[in-house]
Amino acid sequence: MHDIVDLRSDTLTLPTPEMREAMARAEVGDDVWEEDPTVKRLEAMAAERLGKEAGLFVASGTMGNLVSVVAQTRPGQEVVLDLDSHIFNYEVAGSAVIGNVQMRPVRTARGFLAPEQIREALRPPNIHVPETGLVCVENTHNRHGGTCCTPEEIAAVAAVAHGAGVPVHLDGARIFNAAVALGRPARDFARHADSVTFCVSKGLAAPVGSVVCGAAAFVARARRIRKMVGGGMRQVGVVAAAGIVAIERMVDRLAEDHANARALAAGIARLPGLSVDLASVQTNIVIFAVDRPSGAAELVAGCASRKVKIHAIGPASIRCVTHKDVDADDIARTLDALREITRGW
Ligand code: TLP
């Protein structure tokens, strides 16, 4: 039980005492010179978990996606991705600004492009049109409520892209949530992607950072681009040390967050004026609809006055994210608050 229940995002998780201890003790060096042993350890560990040759520690998921897109495309190329993807919606158009690529968003049913949709979106060799430079996949899918696609679905999409000589990037910000939910090792999801970004700063609870993984040549290019965008951090082993604890200690417990999300969703489904697609609640995100004009704002304010923080992602849509700083009592308290607010709706 916590004084304030904060369900706005799993990015709000606080570092564990073990992380703080590891940070204080971390052996460090200048990482731009590739001399920080703790960063190197985190990068090697991440690459091993994802079955890739190399890893690169970056400041954020946004930076990881940016350097991955820029490293794998040329200016003027087109990037095929889901219309609701994080890269297209919430990364400040960084790939367009820094990479000079054009985005080709495709509307999908569940956030995952089907192989036929990739086939349709790939550009033909024609002097008038841009070349397709990259296909991006997101797993778990944020805007679709933390839904997972299987390694086989990624393989099918990658087969089409690779058949046309186009690489695939996986925005796996929450890839370990997908791995735990589907009971598959993270490397199964990464196998068919040429680059993968995952975050240690979300459900894994490290204070900062993401790791980009891929082939050594890709990571070398990504490293240059990271430097270009100001992401060359010096004695950053003090931060990477928490990322190591995140990967070693915080993955298996994500199952608790998923159970809490299911309990929250099941409670919400019983409340008047609220609706949630229970099948979409596969990991730690619950997105639900408020069937009432300006209902989302009303619910956010009502919860805030009861020390429960939730986040409106639209005028009639709320997102709640469970994480290690939210326990079963907090979920019960959240449901009590929602019950009080919606009484009589
Ligand atoms: N998502 C954040 C916000 O930016 C919306 C959140 O609270 O969920 N890919 C995916 C799928 C993400 O959900 C996020 C962060 C990122 C990339 C970017 O990571 P950061 O925030 O570290 O730049």
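Calculation notes
- Residues numbered from 1 in each chain as written.
- Predicted model: local features only at pLDDT ≥ 70, side-chain atom pairs only at ≥ 80, totals over all residues.
- Heavy atoms only, no water.
- Helix = DSSP H or I, 4+ residues; strand = E, 2+ residues; numbered from the N terminus.
- Rg over C-alpha atoms; globule rule 2.2 N^0.38 Å.
- Contact = heavy atoms within 4.5 Å.
- Areas by Shrake-Rupley, 256 points an atom, 1.4 Å probe, with all protein chains shown as cover.
- Lys, Arg positive; Asp, Glu negative; His and termini not counted.
- Charge placed at Lys NZ, Arg CZ, Asp CG, Glu CD.
- Pairing = 2+ DSSP bridges.
- Axes fitted to C-alpha atoms, helices over the stretch in contact; angles between N-to-C directions.
- Near = heavy atom within 4 Å.
- Polar contact = N/O pair within 3.5 Å; in protein donor to acceptor, adjacent residues only side chain to side chain.
- Nonpolar A, V, L, I, M, F, W, Y, C, P; charged D, E, K, R; others polar.
- Salt bridge = Lys/Arg side-chain N within 4 Å of Asp/Glu carboxyl O.
- Buried < 20%, exposed > 50% of the residue type's maximum accessible area, 1.4 Å probe, protein only.
- Expected span 1.5 Å × (residues − 1).
- Patch = residues over 30% accessible without salt bridge, like charges linked within 9 Å, V, L, I, M, F, W, Y side chains within 5 Å.
- Domains from an automatic or database assignment.
- Buried area = accessible area lost by both parts, 1.4 Å probe.

A. Broad picture of the overall build of the protein. Of the regular secondary structure elements, the protein holds 14 helices and 13 strands. Its C-alpha radius of gyration of 20 Å places the protein within 12% of the 20 Å reference for a compact globule of 345 residues. Dimensions of the protein along its principal axes, counting C-alpha atoms only, are 60 × 55 × 35 Å. Here the analysis covers contacts within the protein between residues at least 6 apart in sequence; of these, 75% occur between residues at least 24 apart. Of the accessible surface of the protein, which amounts to about 14,400 Å², a share of 54% is contributed by carbon and sulfur atoms. When the 38 positive and 40 negative side-chain charges of the protein are each reduced to one mean point, those points stand 2 Å apart.

B. Geometry of the sheet that holds strand S12 (residues 311–314). A sheet is described by the order of its strands in space; here 4 strands give the open sequence S9-S10-S13-S12, paired in antiparallel fashion. Edge positions in the open sheet fall to strand S9 (274–276) and S12, since each of these has one partner strand only. Here the strands of the sheet are splayed against their neighbours by 35° on average, with no regard to which way each runs. Both S9 and strand S10 (residues 285–290) contribute to a ladder of 3 bridges, which runs antiparallel. In the strand pairing of S10, leucine 274 is matched with valine 290. Sheet contacts for helix H12 (residues 254–269): S9, S10 and strand S13 (317–321); angle to S10, the most-contacted strand, approximately 15°.

C. Examining the site of the ligand more closely. The ligand sits among 14 residues. The nearest are Ser9, Thr62, Asn142, Asp171 and Arg174. Separating an oxygen atom of the ligand from a side-chain N or O atom of threonine 62 is a distance of 2.6 Å. Here aspartate 171 contributes a side-chain N or O atom positioned 2.7 Å from a nitrogen atom of the ligand. Protein contact buries 81% of the 510 Å² of open area that the ligand shows by itself. When grouped by side-chain class, the residues that make up the shell around the ligand number 1 nonpolar, 7 polar and 6 charged.

D. Spotlight on the pattern of salt bridges. Applying the stated criterion to the full structure yields 24 salt bridges. The partner of aspartate 325 in a salt bridge is lysine 324, and the shortest N-O contact between them spans 2.5 Å. The exposure class of lysine 324 is partly exposed, given its relative accessible area of 21%.

E. Seen up close, helix H11 (residues 237–249). Between the first and last C-alpha of H11 there are 18 Å, a value that for 13 residues agrees with the 18 Å anticipated at 1.5 Å per step. Summarising burial for H11: 10 of the 13 residues are buried, a large majority. Taken as a whole, H11 has its buried residues at Gly237, Val239, Ala240, Ala241, Ala242, Gly243, Ile244, Val245, Ala246 and Ile247. Tucked inside the fold, the buried residues of H11 contact helix H1 (17–25), helix H2 (37–50), strand S2 (54–58) and strand S7 (195–199).

F. Highlighting a nonpolar patch on the surface. Together, Val97, Ile98 and Met228 make up an exposed nonpolar region whose accessible area comes to about 310 Å². Summarising the element assignment, methionine 228 is placed in helix H10 (residues 216–228).

G. View of helix H8 (residues 175–182). Within H8 the residues assigned to the buried category are Ile175, Phe176, Asn177, Ala178 and Ala179. Where H8 ends, the next residue or the one after it, glycine 183, has phi of about 65°, a positive value.

H. Representation of the domain arrangement of the protein. Entries for the protein in the domain assignment read domain 1 (5–11 + 253–342) and domain 2 (17–249). Between domain 1 and domain 2, the residue contacts involve 16 residues of the former and 19 residues of the latter. Carbon and sulfur atoms supply 54% of the area that domain 1 and domain 2 bury against each other, a total of about 1,400 Å² over both sides. Considering only the side of domain 1, the residues that lose the most area to domain 2 are Asp10, Leu254 and Gln282, jointly responsible for 34% of the buried surface there. Counting every contact that joins domain 1 to domain 2 gives 1 salt bridge. Linking domain 1 with domain 2 are 5 residue pairs in polar contact (both at pLDDT 80 or more), by the criterion used here. Mapped onto the side of domain 1 that touches domain 2, the elements with two or more residues apiece are H12 and S10.

I. Inspection of the sheet that holds S7 at higher detail. Here we have 7 strands laid out as an open sheet, ordered S2-S8-S7-S6-S5-S3-S4, and mixed in their pairing. One side of each edge strand has no neighbouring strand; the edge strands of this open sheet are S2 and strand S4 (102–106). On average, each strand axis in the sheet is inclined to that of its neighbour by 20°, with strand direction left out of account. Strand direction decides the pairing type here: strand S3 (residues 78–82) and S4, joined by 5 bridges, are parallel. Directly across from valine 79, in S4, lies its bridge partner methionine 103. Its contacts with the sheet place H10 against S2, S7 and strand S8 (210–214), and it is angled at close to 15° to S2.

J. Expanded view of the environment of alanine 297. Looking at the secondary structure, you find alanine 297 in helix H13 (residues 295–304). According to the relative accessible area criterion, alanine 297 is exposed, its value standing at 51%. Measuring from C-alpha to C-alpha, the distance between alanine 297 and threonine 150 comes to 35 Å, with 147 residues separating the pair along the chain.

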